[in-house]
Amino acid sequence: MELNLDPSKDDLPLRANTSHMLVRHYVLDLAVHFERKVISGNIVLFFETGKDGDKLCNTVATEPHPQRLSPFKVETPEMSHFPLKGGSAYSAPSDTNDAGVCGGVRREASEAPGCHGDLQPPCEISSSKQDPSDLGDGESADFVLVLDCCDLSVLKVEEVDVASLRGIEELGKGCETAGRSNRVAGCPLSCGVRQLVTLPAESWEKQHDLYLQCSRAPGCGDLIFETDPWSLQVAKKGIKSPRDFPHVLRIWYETRPEGSSVRWTTDQSNRPCVYTMGSPINNRALFPCQEPPVAMSTWQATIKAPPECVVLLSGEEEAQPATDRKAGSCWCWFCYVTMPMPASTFTIAVGHWVEVKGEEAAATEKPVAPVSAAACSSLQFPCHHVDYPCRFQRAAARVQAVIPHRVFAPACLKELAGETLLPLLPPCLSAAHSALGVHPFSRLDVLLVPAGFSSLGMASPHMMFLSQSVLSGKNHLCGARLCHEIAHAWFGLAIGARDWTEEWISEGFATYLEDVFWARAQQLPQEEAEGQRELKAALRWRRLRDELQNSEEELQILRPNRERTGDVSDSGASLVKHGLNPEKIFMQVHYLKGYFLLYFLASKIGDDRFLKFFCQFVQKFHGQLILSQDFLNMLLESFQEIKRDGLTLEAIYRDWLDSAGVPEPLLEKSHSWLQNRLVEEVKEEVAKWIHFSHSHRKGSKRKRGERKEIFKEILPEQLVLLLEVLLEEPGLSVTTLRSLDRTYSLRAQDAEVRHRWCELIIKHKHTAAYRDVEHFLMQDQAMGVYLYGELMVHEDIRQQCVARKCFSLAQEEMDPASRKVVEEMIF
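Residues numbered from 1 in each chain as written. Predicted model: local features only at pLDDT ≥ 70, side-chain atom pairs only at ≥ 80, totals over all residues. Heavy atoms only, no water.

Taking an unreviewed UniProt entry as the reference, the protein chain is identified by name as Aminopeptidase O belonging to Lepisosteus oculatus. You can read under Cofactor (unreviewed entry) in the UniProt record for the protein chain the words "Zn(2+)". The UniProt entry for the protein chain carries the following text under Subcellular location (unreviewed entry): "Nucleus, Nucleolus". (UniProt positions renumbered as here; feature names shortened; annotations may be inferred.)

Put into structure tokens, the structure is as follows:
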């Protein structure tokens, strides 16, 4: 059935039935085609029976509709009712089983065999049509595997014959089958696969090698499949339960150019590139997968790309290119991860990037080899996550303040990135380590993405995207944003939200920690650090207040599911509340309200004790998914005095997480920030500028001997606040605007300052500076959407022409969500 969701206002469905079958590992083998703007190839999925799989086995004979996804009404059609297409089952490609996969665990590039990511599904496919009625009636319906999938052309789904592989046979020798056959429906199914996905962490190299071998095994039968706008459903005739369903599948597919998970564009040097966003629909338009956060898995990926391109991947080791022996004009890049994470965190970037290096390349520490959590249980901090090779249990990782890192950029930004970004990485990484301890990931690649990137940054395992907007001005914006994304390694990646509606767990924590990290990176004295912290709190308070006044109340709630947060249907399917609402993409409420909740809690406990608690929380919950109560309950238990003062879980829910508007405790706290020394300095400067403006209005007479105002040099954050306060003034003279520009060199400031400057230009119709607005809309697209609205709302013909001109020039490279919002503003 089709869900008929309205993308402008509905929730995002997570349809995968993870309670029945759970993906433990993906092997992707893909090729990038710039000429067609598609990524094609195949993915092999390794499953284990889910927690409710056996329950379904026991009830399937008596329940007529075992796959119904109530109470979420995201129902899977029974396979017997599929409107099967003529090509729903395919014969295997003739050369599928002859090609190897390049790359491998600890394999040198020169030893890598050829790739088969370039294999195209056959143009002529012999279809083995099946009568839907052959699959049985409703009382004995076949089991349906549901994967999240959108904007993919799925060409073939097949079971993989892994039973004959020697390594799998050895794993399965001691497997107790309790009288069950290892062959189901005529296709070998070794219980060794079940052993493979549960190998202990110390055997991860053997496990990954076997995964790679299995991914090359031939197919042993095509499976029936169907797609709808949000999912791929797969069935095998005669299989009634998840336990008997094939546990290794290969899916042949290609992406579509319009898919929301993949961005095809050009970089700042006008060279073609592609990168994945994992937003707003996560990675389901990159590969068929299980999107619910509980479906944490590992992966291996081989990406084939033109030889002149650089491929950056979410992998534990730097991906190195190997020549494809079948097509010498292409190279293959390989990566793997051993830490289970949601499929949405997998990231690819392919382009003509160049590595940015300092004049003297500093010697980088070697990556720390991971060890098993089980093998290190005697260490001080035992792990509580599933067994995987964990860095937190490696002594060398505990003292590794700066992990190996690289910076990549388009050629035209190489010099600027070398001057601004590269020197900031070591101190920011070191500051994060000093605050929270072990870096969860062994290395980091930072990429400056194209101008159309929709935010200032995005963190992924082993990789970070940054907007070019962070490079302008002094290093404050770049350093703060870098610290924010580094913080996501702990909160957002190593520790994730079990319900994606609780975004504050990721963004609120990263916003709070960015101040901690950045103060330490600058080595600020305590008093100065506290002053800047309160100044930022004042700025964020103003931003939150404005956003709450101009947004829907339902979008202001940090726990929109309230008491049902974390709930899923019997199959594991769920909905992300407001996940498809385009307005939500541009909102900051989960950043700001979450930040202020942590600020409030720190004020009750003390900053040093609160940060120490963060470290304890990370030690306990790394590698796991959490809900708000996991953090809050541990906090309340650790600091009994705040419980005695009346701060309870219920009170925090009521005041902060489950209500719209401004929390009452925040209203009380906000008054103290106005007394901050740095804020007082801004007030003094504002008064000077207002006096200056009044004395330079048309018709005003300046008195002879009137003193000339002397303006102080102020911090970038102070300058942001100054311009914001001046925006509230009903009228500033043109002379005042020109003097502001000259005094503070506004065109050379960072993007936060220049955004406020553009707002002043638009408000006061300062036509001589419209070129500054045009430059901002073209070069700072991650922050420019709001300005289009300002240009249109005043109904000034010249301003509207500026908006339409910039949009016509930028629309091809704009993020689709931004483009849609701007189109609605100007047309």
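Colleague: Can you walk me through the confidence of the model for the protein chain in this structure?
Modeller: Close reading of the predicted structure is inappropriate where its pLDDT is low. Looking at the protein chain, the pLDDT average stands at 84 and 82% of residues meet or exceed 70. Throughout residues 1–5 the model reports pLDDT below 50, and contacts reaching past four residues in sequence, or to other chains, amount to 15 contacts. In this model, residues 361–379 is a region of pLDDT below 50 whose contacts with residues beyond four sequence positions or in other chains number 36 contacts. (pLDDT = per-residue confidence, 0-100. Contact = heavy atoms within 4.5 Å.)

Colleague: Just to check I follow, could you spell out the sheet that holds strand β10 (residues 231–235) for this structure?
Modeller: Neighbouring strands of a sheet are bound in pairs by backbone hydrogen bonds; such pairs are parallel or else antiparallel. Pairing is antiparallel across the open sheet formed by three strands, whose spatial order is β4-β10-β9. Looking at which strands have only one partner, the edges of the open sheet turn out to be β4 (144–148) and β9 (224–228). On average, each strand axis in the sheet is tilted by 20 degrees relative to the strand beside it, whichever way the strands run. (Pairing = 2+ DSSP bridges. Helix = DSSP H or I, 4+ residues; strand = E, 2+ residues; numbered from the N terminus. Axes fitted to C-alpha atoms, helices over the stretch in contact; angles between N-to-C directions.)

Colleague: Would you take a moment to explain the pairing of strand β3 (residues 38–49) for this structure?
Modeller: Put simply, side chains in a regular strand alternate between the two faces of the sheet. The element β3 is largely enclosed, with a buried count of ten among its twelve residues. As judged from the twelve bridges shared by strand β2 (residues 21–33) and β3, these two strands associate in the antiparallel manner. The partner of Leu-30 across the bridge, within β3, is Gly-41. Linkage of β2 to β3, two consecutive antiparallel strands, is achieved through a turn of four residues, within which Lys-37 is found at a positive phi near 55 degrees. (Buried < 20%, exposed > 50% of the residue type's maximum accessible area, 1.4 Å probe, protein only.)

Colleague: Is there a simple way to explain the sheet that holds strand β8 (residues 219–222) in this structure?
Modeller: An order of β8-β5-β11-β3-β2-β14-β17-β16 is seen for the eight strands of this open sheet, with the pairing classed as mixed. On the outer flanks of this sheet lie β8 and β16 (321–323), each paired with one strand and no other. Sheet twist, expressed as the mean angle between neighbouring strand axes with direction ignored, is 25 degrees. The pairing of β16 with strand β17 (residues 331–342) spans three bridges and is classified as antiparallel. Within β17, the position partnered with Pro-321 by the bridge is Trp-333. On the sheet, helix α4 (residues 204–216) packs against β2, β3, β5 (152–160), β11 (248–255), β14 (296–305) and β17 and is oriented at approximately 125 degrees with respect to β17.

Colleague: Explain unusual backbone geometry to me, please; I cannot follow it from the model alone.
Modeller: The phi angle of most residues is negative, glycine excepted, and most peptide bonds adopt the trans form. With a phi close to 55 degrees, Lys-37 is a non-glycine residue in the positive phi region. Along the chain, the position of Lys-37 falls in the loop between β2 and β3. For Lys-765, which is not glycine, the phi dihedral falls at a positive 50 degrees. Inspection of the secondary structure puts Lys-765 in the loop between α21 (751–763) and α22 (770–779).

Colleague: Please explain the packing of aromatic side chains as it appears in this structure.
Modeller: The relation between two aromatic rings is expressed through the spacing of the ring centres and the mutual angle of the planes. Evaluation of the coordinates by the stated rule reveals 38 aromatic pairs. A centroid spacing of 6.2 Å and a plane angle of 65 degrees characterise the contact between Trp-490 and Phe-517, whose relative ring orientation is edge-to-face. Remark: Phe-517 occurs in helix α9 (residues 504–522) and Trp-490 occurs in the loop between α8 (476–487) and β26 (495–497); sequence separation between them is 27 residues. When its relative accessible area of 0% is taken as the criterion, Phe-517 is described as buried. Measuring from centroid to centroid gives 4.6 Å for Phe-491 and Phe-509, while their planes differ by 35 degrees, and the two rings are tilted. Here Phe-491, found in the loop between α8 and β26, pairs with Phe-509, found in helix α9; they are 18 residues apart in sequence, far enough to count as distant. Phe-509 shares its class with Phe-491; the two are buried. In this structure, Arg-533 is placed above the aromatic ring of Tyr-599, and the distance from its NZ or CZ to the ring centre is 4.4 Å. Directly above the ring of Tyr-653 sits Arg-559, whose terminal nitrogen or CZ lies 3.7 Å from the centroid. (Phe/Tyr/Trp six-rings, centres within 6.5 Å; stacked < 30°, edge-to-face > 60°. Lys NZ or Arg CZ within 6 Å of the ring centre and 35° of its normal.)

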